[in-house]
Amino acid sequence: MNKGTLQLFWDDKVTLWQLTLWFEHPKIYFIAPPWKNNESNISCIPQGLYNVTRHNSADHPNTFEILYVPNRTNILIHPGNYACDVTLGDDVHKSDSLGCFMPGFDYDRKVPMIKSSVKAMEYLLENIKENWCIEVRHLSPPEDQ
């Protein structure tokens, strides 16, 4: 089974990963809620090796599901921008995640948000057809950001 690696760094608002896959690809990042002891709907997932499969439901068509997360279910990879509530001027953006991962080709740590999420999700769906596994591990932020 092919494997990707998510290298983790975070702050008190969000968790951010840089994805490395088994094939050459553009930089892809994931954003999720911050670590809160793996609590359902409010925390990112713990370090570990997880199976990933395609997922389709009425609420989340054309996504991936991360399987066998300890004490958690329904951890998806789906498009979205915010992993916490964010206020930008007069606009309030609610979190797009209840513990799920949202991919993007770029991110803004100051806001914090992931960018080009729909395009990144389309890229993953076009290029990963089979089941795969993902290793979540800790790392400091990428040097280019």
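Provided above is the structure to which this section pertains.
First, a word on scope: everything that follows refers to the structure included in this document. (Residues numbered from 1 in each chain as written. Predicted model: local features only at pLDDT ≥ 70, side-chain atom pairs only at ≥ 80, totals over all residues. Heavy atoms only, no water.)

So, on to the side chain of T63. Structurally, the position occupied by T63 is in strand β5 (residues 63–67). Within polar-contact distance, the side chain of T63 engages the backbone oxygen of H60 at 3.3 Å. Not counting the four nearest positions on each side in its chain, T63 is found in contact with T53, R54, H55, L76, I77, H78, M121 and L125. (Helix = DSSP H or I, 4+ residues; strand = E, 2+ residues; numbered from the N terminus. Polar contact = N/O pair within 3.5 Å; in protein donor to acceptor, adjacent residues only side chain to side chain. Contact = heavy atoms within 4.5 Å.)

Once that is clear, we can look at the pairing of β5. The buried fraction of β5 is high, at four of five residues. Summarising the sheet, strand β4 (residues 48–55) and β5 pair through five bridges and their orientation is antiparallel. The partner of H55 across the bridge, within β5, is T63. Bridging between β5 and strand β6 (residues 75–77) involves three bridges; their strand directions are antiparallel. When the sheet's bridge partners are listed, E65 is paired in β6 with L76. (Buried < 20%, exposed > 50% of the residue type's maximum accessible area, 1.4 Å probe, protein only. Pairing = 2+ DSSP bridges.)

Okay, the pattern of salt bridges next. All told, the structure shown has two salt bridges when counted by the stated rule. The salt bridge involving K3 is made with E135; its shortest N-O contact spans 3.0 Å. In this pair, K3 is assigned in strand β1 (residues 2–10) and E135 in strand β12 (residues 132–138), connecting sequence segments 132 residues apart. According to the relative accessible area criterion, K3 is partly exposed, its value standing at 37%. (Salt bridge = Lys/Arg side-chain N within 4 Å of Asp/Glu carboxyl O.)

Here the focus is the nonpolar core. F64, I66, I77 and F101 are the most contacted members of the largest nonpolar core, which totals 25 residues. Those elements that provide at least two residues to this core are β2 (15–20), β3 (28–32), β4, β5, β6, α1 (117–127) and β12. Here this core takes four residues from α1, the largest share from any one element. With near-sequence residues (within four places) excluded, F64 lies in contact with V52, T53, R54, H55, I75, L76, I77, M121, L124, L125, I128 and W132. Counting 13 residues, the second largest nonpolar core, distinct from the first, contains Y29, A83, C84 and Y107. (Core = buried A, V, L, I, M, F, W, Y, C linked by side-chain atoms within 4.5 Å.)

Now for the packing of aromatic side chains. All told, the structure shown has seven aromatic pairs when counted by the stated rule. A ring pair is formed by F64 and W132, whose centres lie 5.8 Å apart and whose planes are at 85°; its orientation type is edge-to-face. Placement of F64 in strand β5 and of W132 in strand β12 is noted, with a sequence separation of 68 residues between them. For the pair formed by F64 and W132, the shared burial category is buried. Site record: aromatic cluster; members linked through ring pairs are W22, F23, F64 and W132. (Phe/Tyr/Trp six-rings, centres within 6.5 Å; stacked < 30°, edge-to-face > 60°.)

Let's shift gears to the environment of N131. Tracing the backbone through its elements, the reader meets N131 in the loop between α1 and β12. Judged by its relative accessible area of 42%, N131 is partly exposed. Spatially, the C-alpha atom of N131 lies 7.1 Å from that of R54, the residues being 77 residues apart in sequence. Non-local contacts of N131, meaning those with residues more than four positions away in its chain, are made with M1, V52, T53 and R54. Of note is the side chain of N131, whose polar atom sits 2.8 Å from the side chain of T53.

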